[in-house]
Amino acid sequence: MKHKDDERTFKDPVCGMEVSHLSAIATTDHEGKTYYFCSDGCRDAFVAEPGKYLKHHRQHGLE
Ligand SMILES: [Zn+2]
């Protein structure tokens with residue numbers, strides 16, 4: 001059974017767009033946490049400079 005858990009969305013830290021973990025185009029792991037992206041371009045930008053995008057979202061997890 002699908003649960004509400006499957007409908008969680010995550011904010012693409014690069015562009016700020018909401019992406020679902022089911023529909024995300026690209027993902028990456030950083031410091032044990034998975035990040036979801038709307039495009040490969042956003043992922044590549046994040047991977048290149050993760051600190052640049054994370055400093056605005058220091059808290060881990062849920063909004
Ligand atoms: Zn994006």
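Computed from a prediction, not measured in an experiment: that's the story for all the values here.

1. Notes on the coordination of the zinc ion
No. 1: The protein atoms that coordinate the zinc ion are Asp12 (OD), Cys15 (SG), Cys38 (SG) and Cys42 (SG), at distances of 2.0 to 2.3 Å.
No. 2: One way to put it: the four donor atoms around the zinc ion meet at angles of 100 to 122°, and that makes the site tetrahedral.
No. 3: Every donor residue of the zinc ion comes from the same chain, spaced as D-x2-C-x22-C-x3-C. Of the two residues, Cys15 sits in the loop between β1 (9-11) and β2 (18-20) while Cys38 sits in the loop between β4 (33-37) and α1 (40-48), which places them 23 residues apart along the sequence.
No. 4: A relative accessible area of 44% places Cys15 in the partly exposed class.

2. Examining the packing of aromatic side chains
No. 1: Under the defined criterion, the tally for this structure stands at four aromatic pairs.
No. 2: With a centroid separation of 4.5 Å and 25° between ring planes, the pair formed by Phe10 and Tyr36 is classed as stacked. Taken as a pair, Phe10 in strand β1 and Tyr36 in strand β4 lie far apart in primary sequence, 26 residues in all.
No. 3: Residue classification places Tyr36 among the buried residues on the basis of a relative accessible area of 15%.
No. 4: Ring geometry for Phe37 and Phe46: centres 5.3 Å apart, planes at 45°, overall tilted.
No. 5: Phe37 sits in the buried class, given a relative accessible area of 0%.
No. 6: We classify Phe46 as buried; its relative accessible area is 1%.
No. 7: Grouping aromatic residues by their ring pairs yields a cluster made of Tyr35, Phe37, Phe46 and Tyr53.
No. 8: The ring of Tyr35 has Lys33 sitting right over it, with the charged end atom 5.5 Å from the ring centre.

What counts and what doesn't
Residues numbered from 1 in each chain as written. Predicted model: local features only at pLDDT ≥ 70, side-chain atom pairs only at ≥ 80, totals over all residues. Heavy atoms only, no water. Donors = N, O, S within 2.8 Å, 3.2 Å for Na, K, Ca; no water. Tetrahedral: all angles 85-135°; square planar, octahedral: opposite > 155°, others 65-115°. Helix = DSSP H or I, 4+ residues; strand = E, 2+ residues; numbered from the N terminus. Buried < 20%, exposed > 50% of the residue type's maximum accessible area, 1.4 Å probe, protein only. Phe/Tyr/Trp six-rings, centres within 6.5 Å; stacked < 30°, edge-to-face > 60°. Lys NZ or Arg CZ within 6 Å of the ring centre and 35° of its normal.

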